Amino acid sequence: MSFVEYSEKVQDGDVVIVYMGHESMMQLKVQAGGQTQTRYGAIRHSSDLIGLRYGSKVTCSKGGWVRVLHPTPELWTVSLPHRTQILYTTDIATITMMLELKPGAVVCESGTGSGSLSHAILRSIAPTGHLHTVEFHQQRAEKVEEEFQEHRVGHLVTVRNQDVCSDGFGVAGVADAVFLDIPSPWDAVAHAHTAMKRHGGRLCSFSPCIEQVQKTCESLSALGFLDLLTLEVVLRVHTVRTLSLPMPEFGPDSGPALSEGPFPSPSPASLPVRTTTPPRETAGHTGYLTFATKPRT
Ligand SMILES: C[S@@+](CC[C@H](N)C(=O)[O-])C[C@H]1O[C@@H](n2cnc3c(N)ncnc32)[C@H](O)[C@@H]1O
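Residues numbered from 1 in each chain as written. Predicted model: local features only at pLDDT ≥ 70, side-chain atom pairs only at ≥ 80, totals over all residues. Heavy atoms only, no water.

The protein chain goes by tRNA (adenine(58)-N(1))-methyltransferase catalytic subunit TRMT61A in an unreviewed UniProt entry, where it is assigned to Muraenolepis orangiensis. Its UniProt record gives the protein chain the following Subcellular location (unreviewed entry) comment, quoted word for word: "Nucleus". Regarding the protein chain, the UniProt comment filed under Sequence similarities (unreviewed entry) reads as follows: "Belongs to the class I-like SAM-binding methyltransferase superfamily. TRM61 family." (UniProt positions renumbered as here; feature names shortened; annotations may be inferred.)

Q: Is there a simple way to explain the UniProt feature "binding site: S-adenosyl-L-methionine" (unreviewed entry) in the protein chain in this structure?
A: Per the UniProt record, "binding site: S-adenosyl-L-methionine" (unreviewed entry) is found at Ser114, Gly115, Ser116, Leu117, Glu135, Asp163 and Asp181. The annotated residues contributing to the lining of the largest pocket are Ser114, Gly115, Ser116, Leu117, Glu135, Asp163 and Asp181. With respect to the secondary-structure elements, Gly115 resides in the loop between strand 7 (106–110) and helix 4 (116–125). By relative accessible area, which is 0% here, Gly115 ends up buried. For Ser116, a relative accessible area of 3% corresponds to the buried category. The residues touching Ser116, leaving out its near neighbours within four places in the chain, are Thr77, Leu80, Ile86, Leu87 and Ile92. Side chain to side chain, Ser116 and Thr77 meet in a polar contact 3.0 Å long. (1 Å grid on protein atoms, 1.4 Å probe; cavity = no way out; pocket = protein on both sides within 12 Å on 5 of 7 lines; lining within 4 Å. Helix = DSSP H or I, 4+ residues; strand = E, 2+ residues; numbered from the N terminus. Buried < 20%, exposed > 50% of the residue type's maximum accessible area, 1.4 Å probe, protein only. Contact = heavy atoms within 4.5 Å. Polar contact = N/O pair within 3.5 Å; in protein donor to acceptor, adjacent residues only side chain to side chain.)

So this is what it looks like as C-alpha coordinates:
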(Lines give C-alpha, C1' and ligand atoms only; values in the text may rest on other atoms or scores of the structure.)
Protein backbone atom coordinates (compact mmCIF):
# COMPACT_ATOMS: atom_id res chain seq x y z
CA MET A 1 0.00 0.00 0.00
CA SER A 2 1.16 3.50 -0.81
CA PHE A 3 -0.79 6.73 -1.08
CA VAL A 4 0.61 7.18 -4.59
CA GLU A 5 0.27 3.59 -5.91
CA TYR A 6 -2.61 1.13 -5.80
CA SER A 7 -2.23 -2.40 -4.35
CA GLU A 8 -4.69 -5.27 -4.79
CA LYS A 9 -4.57 -6.79 -1.31
CA VAL A 10 -4.21 -5.63 2.30
CA GLN A 11 -0.80 -6.37 3.85
CA ASP A 12 0.61 -6.20 7.36
CA GLY A 13 1.63 -2.55 8.04
CA ASP A 14 -0.86 -0.98 5.57
CA VAL A 15 -2.95 2.03 6.54
CA VAL A 16 -6.52 1.26 5.40
CA ILE A 17 -9.82 3.13 5.46
CA VAL A 18 -12.73 1.40 7.21
CA TYR A 19 -15.92 2.56 5.49
CA MET A 20 -19.01 2.36 7.71
CA GLY A 21 -21.13 4.83 5.73
CA HIS A 22 -20.69 7.97 3.63
CA GLU A 23 -20.39 10.12 6.74
CA SER A 24 -18.55 7.58 8.84
CA MET A 25 -15.04 6.39 8.04
CA MET A 26 -11.98 5.67 10.12
CA GLN A 27 -8.38 4.88 9.30
CA LEU A 28 -6.47 2.06 10.90
CA LYS A 29 -2.97 0.64 10.72
CA VAL A 30 -3.02 -3.09 10.03
CA GLN A 31 -0.87 -5.05 12.48
CA ALA A 32 -0.64 -8.86 12.57
CA GLY A 33 -2.40 -9.98 15.77
CA GLY A 34 -4.08 -6.58 16.22
CA GLN A 35 -7.79 -5.90 16.78
CA THR A 36 -9.90 -2.75 16.22
CA GLN A 37 -13.33 -2.03 17.73
CA THR A 38 -16.05 -0.50 15.55
CA ARG A 39 -19.72 0.08 16.35
CA TYR A 40 -20.45 -3.15 14.40
CA GLY A 41 -18.03 -5.17 16.51
CA ALA A 42 -14.34 -6.03 16.41
CA ILE A 43 -12.18 -6.44 13.30
CA ARG A 44 -9.33 -8.95 13.75
CA HIS A 45 -6.43 -7.81 11.61
CA SER A 46 -4.82 -11.22 10.90
CA SER A 47 -7.97 -13.21 10.08
CA ASP A 48 -10.22 -10.42 8.72
CA LEU A 49 -7.85 -8.05 6.91
CA ILE A 50 -4.45 -9.41 5.89
CA GLY A 51 -4.68 -10.90 2.38
CA LEU A 52 -8.16 -9.39 1.74
CA ARG A 53 -8.82 -7.61 -1.58
CA TYR A 54 -9.27 -3.86 -1.14
CA GLY A 55 -12.95 -2.91 -1.48
CA SER A 56 -14.18 -6.15 0.17
CA LYS A 57 -16.80 -6.45 2.91
CA VAL A 58 -15.63 -7.51 6.36
CA THR A 59 -18.13 -9.00 8.81
CA CYS A 60 -17.37 -7.74 12.33
CA SER A 61 -17.76 -9.73 15.56
CA LYS A 62 -21.30 -8.39 16.28
CA GLY A 63 -22.49 -9.43 12.81
CA GLY A 64 -22.48 -5.96 11.18
CA TRP A 65 -20.23 -5.32 8.20
CA VAL A 66 -17.88 -2.62 6.92
CA ARG A 67 -15.85 -2.19 3.74
CA VAL A 68 -12.08 -1.92 3.69
CA LEU A 69 -10.86 0.69 1.20
CA HIS A 70 -7.44 1.52 -0.21
CA PRO A 71 -6.37 4.93 1.12
CA THR A 72 -6.49 7.98 -1.15
CA PRO A 73 -5.78 11.64 -0.29
CA GLU A 74 -9.55 12.30 -0.37
CA LEU A 75 -10.36 9.49 2.08
CA TRP A 76 -7.42 10.56 4.28
CA THR A 77 -8.82 14.12 4.43
CA VAL A 78 -12.11 12.82 5.90
CA SER A 79 -10.53 10.36 8.34
CA LEU A 80 -7.18 11.88 9.44
CA PRO A 81 -6.43 12.80 13.05
CA HIS A 82 -6.95 16.59 13.25
CA ARG A 83 -4.07 18.47 14.85
CA THR A 84 -5.08 21.75 13.19
CA GLN A 85 -7.76 23.16 10.93
CA ILE A 86 -7.40 21.39 7.60
CA LEU A 87 -8.16 22.02 3.94
CA TYR A 88 -10.98 19.98 2.38
CA THR A 89 -11.30 18.43 -1.05
CA THR A 90 -13.30 21.27 -2.69
CA ASP A 91 -10.47 23.77 -1.96
CA ILE A 92 -7.76 21.15 -2.58
CA ALA A 93 -9.10 20.33 -6.06
CA THR A 94 -9.05 24.03 -7.00
CA ILE A 95 -5.54 24.49 -5.58
CA THR A 96 -4.15 21.47 -7.44
CA MET A 97 -5.63 22.62 -10.74
CA MET A 98 -4.78 26.33 -10.43
CA LEU A 99 -1.18 25.61 -9.31
CA GLU A 100 -0.86 23.43 -12.44
CA LEU A 101 0.60 20.56 -10.41
CA LYS A 102 1.80 17.57 -12.41
CA PRO A 103 4.18 14.60 -12.08
CA GLY A 104 7.73 15.85 -11.58
CA ALA A 105 6.77 19.27 -10.15
CA VAL A 106 8.65 20.72 -7.17
CA VAL A 107 6.34 22.35 -4.61
CA CYS A 108 6.92 24.36 -1.41
CA GLU A 109 4.20 24.44 1.27
CA SER A 110 3.74 26.06 4.70
CA GLY A 111 2.32 25.32 7.23
CA THR A 112 2.05 21.60 6.94
CA GLY A 113 -0.57 21.40 9.72
CA SER A 114 -2.25 17.96 9.67
CA GLY A 115 -0.96 17.15 6.17
CA SER A 116 -4.38 17.08 4.49
CA LEU A 117 -3.28 19.16 1.48
CA SER A 118 0.24 17.64 1.48
CA HIS A 119 -1.09 14.16 0.61
CA ALA A 120 -2.98 15.52 -2.43
CA ILE A 121 0.10 17.46 -3.57
CA LEU A 122 2.23 14.30 -3.23
CA ARG A 123 -0.11 12.23 -5.39
CA SER A 124 -0.12 14.95 -8.09
CA ILE A 125 3.69 15.28 -8.27
CA ALA A 126 4.63 11.56 -7.88
CA PRO A 127 6.66 9.66 -8.92
CA THR A 128 9.47 12.14 -9.66
CA GLY A 129 8.47 15.45 -8.03
CA HIS A 130 9.28 16.74 -4.54
CA LEU A 131 7.42 18.58 -1.78
CA HIS A 132 9.32 20.87 0.64
CA THR A 133 6.95 21.49 3.52
CA VAL A 134 7.65 23.86 6.46
CA GLU A 135 5.96 23.64 9.87
CA PHE A 136 7.17 25.62 12.91
CA HIS A 137 5.33 23.52 15.53
CA GLN A 138 7.79 20.74 16.44
CA GLN A 139 5.34 17.95 17.39
CA ARG A 140 3.23 18.60 14.26
CA ALA A 141 6.34 18.46 12.07
CA GLU A 142 7.47 15.18 13.67
CA LYS A 143 4.04 13.56 13.53
CA VAL A 144 3.41 14.40 9.88
CA GLU A 145 6.87 13.12 8.94
CA GLU A 146 6.04 9.82 10.68
CA GLU A 147 2.76 9.61 8.71
CA PHE A 148 4.53 10.29 5.39
CA GLN A 149 6.83 7.31 6.11
CA GLU A 150 3.89 5.08 7.11
CA HIS A 151 2.05 6.08 3.92
CA ARG A 152 5.17 5.27 1.87
CA VAL A 153 5.52 8.74 0.39
CA GLY A 154 8.50 9.76 2.56
CA HIS A 155 10.89 9.71 -0.43
CA LEU A 156 8.82 12.45 -2.10
CA VAL A 157 8.83 14.98 0.76
CA THR A 158 11.19 16.96 3.03
CA VAL A 159 9.67 18.32 6.25
CA ARG A 160 11.46 21.34 7.80
CA ASN A 161 10.71 22.43 11.35
CA GLN A 162 11.25 26.19 11.08
CA ASP A 163 9.43 29.52 10.83
CA VAL A 164 8.73 30.17 7.15
CA CYS A 165 8.36 33.93 7.76
CA SER A 166 11.89 34.30 9.18
CA ASP A 167 13.73 31.26 7.73
CA GLY A 168 11.94 30.61 4.43
CA PHE A 169 11.57 27.20 2.77
CA GLY A 170 15.21 26.08 2.95
CA VAL A 171 15.53 25.95 -0.87
CA ALA A 172 16.17 28.55 -3.60
CA GLY A 173 15.30 28.63 -7.31
CA VAL A 174 13.70 25.15 -7.41
CA ALA A 175 9.94 25.45 -6.90
CA ASP A 176 7.34 25.32 -9.69
CA ALA A 177 4.64 26.21 -7.17
CA VAL A 178 4.27 27.55 -3.62
CA PHE A 179 1.30 27.18 -1.27
CA LEU A 180 0.78 29.19 1.95
CA ASP A 181 -1.70 28.40 4.75
CA ILE A 182 -0.39 30.56 7.62
CA PRO A 183 -1.83 33.54 9.53
CA SER A 184 0.53 36.14 7.98
CA PRO A 185 1.28 35.03 4.40
CA TRP A 186 2.46 38.55 3.45
CA ASP A 187 5.54 37.90 5.61
CA ALA A 188 6.38 34.77 3.60
CA VAL A 189 5.86 35.88 -0.02
CA ALA A 190 9.44 37.17 -0.38
CA HIS A 191 10.67 33.70 0.71
CA ALA A 192 8.25 32.15 -1.77
CA HIS A 193 9.77 34.33 -4.50
CA THR A 194 13.27 33.09 -3.55
CA ALA A 195 12.17 29.43 -3.50
CA MET A 196 10.61 29.61 -6.98
CA LYS A 197 12.36 28.89 -10.26
CA ARG A 198 13.90 31.82 -12.19
CA HIS A 199 11.57 31.15 -15.10
CA GLY A 200 8.63 31.65 -12.75
CA GLY A 201 5.77 29.59 -11.40
CA ARG A 202 2.47 29.69 -9.53
CA LEU A 203 1.65 30.72 -5.96
CA CYS A 204 -1.48 30.22 -3.87
CA SER A 205 -2.33 31.57 -0.42
CA PHE A 206 -5.30 30.43 1.70
CA SER A 207 -6.73 32.95 4.22
CA PRO A 208 -10.06 33.00 6.07
CA CYS A 209 -10.32 36.84 6.19
CA ILE A 210 -10.48 39.36 3.35
CA GLU A 211 -8.12 41.72 5.25
CA GLN A 212 -5.42 39.02 5.11
CA VAL A 213 -6.07 38.68 1.37
CA GLN A 214 -5.63 42.44 0.88
CA LYS A 215 -2.28 42.51 2.70
CA THR A 216 -1.05 39.44 0.81
CA CYS A 217 -2.03 40.98 -2.54
CA GLU A 218 -0.12 44.18 -1.68
CA SER A 219 3.04 42.16 -0.94
CA LEU A 220 2.62 40.04 -4.08
CA SER A 221 2.23 43.13 -6.27
CA ALA A 222 5.26 44.81 -4.66
CA LEU A 223 7.37 41.74 -5.56
CA GLY A 224 6.20 41.80 -9.19
CA PHE A 225 3.76 38.85 -9.08
CA LEU A 226 1.15 39.02 -11.87
CA ASP A 227 -2.37 37.69 -12.63
CA LEU A 228 -3.63 38.08 -9.04
CA LEU A 229 -6.95 36.26 -8.61
CA THR A 230 -8.92 35.54 -5.44
CA LEU A 231 -11.56 32.78 -5.37
CA GLU A 232 -13.94 31.52 -2.72
CA VAL A 233 -14.95 27.89 -3.17
CA VAL A 234 -18.32 27.15 -1.59
CA LEU A 235 -19.76 23.65 -1.53
CA ARG A 236 -23.44 23.64 -2.51
CA VAL A 237 -25.37 20.47 -1.78
CA HIS A 238 -28.39 19.72 -3.97
CA THR A 239 -31.30 17.63 -2.70
CA VAL A 240 -32.67 15.00 -5.08
CA ARG A 241 -36.48 15.18 -5.22
CA THR A 242 -39.38 14.03 -7.34
CA LEU A 243 -41.57 16.95 -8.39
CA SER A 244 -44.98 16.66 -9.98
CA LEU A 245 -45.20 19.02 -12.97
CA PRO A 246 -48.43 19.69 -14.90
CA MET A 247 -48.40 18.06 -18.33
CA PRO A 248 -47.90 20.81 -20.93
CA GLU A 249 -50.74 21.34 -23.36
CA PHE A 250 -49.40 22.00 -26.87
CA GLY A 251 -52.77 21.93 -28.56
CA PRO A 252 -54.20 19.34 -30.90
CA ASP A 253 -51.95 17.67 -33.55
CA SER A 254 -54.38 18.20 -36.38
CA GLY A 255 -57.12 20.05 -34.65
CA PRO A 256 -59.26 22.82 -35.95
CA ALA A 257 -57.63 25.94 -37.37
CA LEU A 258 -57.72 29.03 -35.14
CA SER A 259 -60.62 30.36 -37.11
CA GLU A 260 -62.60 27.14 -36.59
CA GLY A 261 -63.17 27.54 -32.87
CA PRO A 262 -61.66 27.45 -29.36
CA PHE A 263 -58.79 25.09 -28.28
CA PRO A 264 -59.65 22.29 -25.83
CA SER A 265 -59.09 23.10 -22.15
CA PRO A 266 -55.64 22.06 -20.71
CA SER A 267 -55.26 18.43 -19.67
CA PRO A 268 -55.26 17.88 -15.86
CA ALA A 269 -52.55 15.14 -16.15
CA SER A 270 -49.24 15.64 -14.33
CA LEU A 271 -45.73 14.33 -14.93
CA PRO A 272 -43.40 13.09 -12.16
CA VAL A 273 -39.90 14.58 -12.70
CA ARG A 274 -36.75 13.48 -10.84
CA THR A 275 -34.71 16.64 -10.26
CA THR A 276 -32.52 18.45 -7.73
CA THR A 277 -33.10 21.60 -5.74
CA PRO A 278 -30.40 23.79 -4.17
CA PRO A 279 -30.77 25.06 -0.59
CA ARG A 280 -32.22 28.56 -0.10
CA GLU A 281 -29.05 29.65 1.70
CA THR A 282 -25.57 28.30 1.14
CA ALA A 283 -23.33 28.37 4.19
CA GLY A 284 -19.78 27.06 4.25
CA HIS A 285 -17.16 29.81 3.94
CA THR A 286 -13.80 28.28 4.75
CA GLY A 287 -11.55 30.91 3.23
CA TYR A 288 -10.26 32.72 0.16
CA LEU A 289 -7.74 31.27 -2.26
CA THR A 290 -5.46 33.91 -3.79
CA PHE A 291 -3.47 32.85 -6.85
CA ALA A 292 -0.59 34.68 -8.55
CA THR A 293 2.09 34.06 -11.16
CA LYS A 294 5.77 34.81 -10.70
CA PRO A 295 7.07 36.05 -14.05
CA ARG A 296 10.49 35.04 -15.44
CA THR A 297 13.28 37.05 -13.72
C1 LIG B 1 -4.26 25.68 9.28
S2 LIG B 1 -2.83 24.77 9.52
C3 LIG B 1 -2.46 24.15 7.92
C4 LIG B 1 -3.36 23.03 7.52
C5 LIG B 1 -2.92 22.30 6.27
N6 LIG B 1 -3.04 23.15 5.09
C7 LIG B 1 -3.75 21.04 6.09
O8 LIG B 1 -4.48 20.94 5.09
O9 LIG B 1 -3.67 20.13 6.93
C10 LIG B 1 -1.61 26.04 9.70
C11 LIG B 1 -0.29 25.48 10.17
O12 LIG B 1 0.69 26.49 9.92
C13 LIG B 1 1.63 26.46 10.96
N14 LIG B 1 2.29 27.78 10.92
C15 LIG B 1 1.74 28.99 11.24
N16 LIG B 1 2.63 29.98 11.05
C17 LIG B 1 3.77 29.39 10.60
C18 LIG B 1 5.05 29.89 10.24
N19 LIG B 1 5.32 31.21 10.31
N20 LIG B 1 5.99 29.00 9.83
C21 LIG B 1 5.71 27.68 9.75
N22 LIG B 1 4.52 27.15 10.10
C23 LIG B 1 3.56 27.99 10.51
C24 LIG B 1 0.80 26.16 12.20
O25 LIG B 1 1.60 25.60 13.23
C26 LIG B 1 -0.24 25.18 11.65
O27 LIG B 1 0.19 23.86 11.86
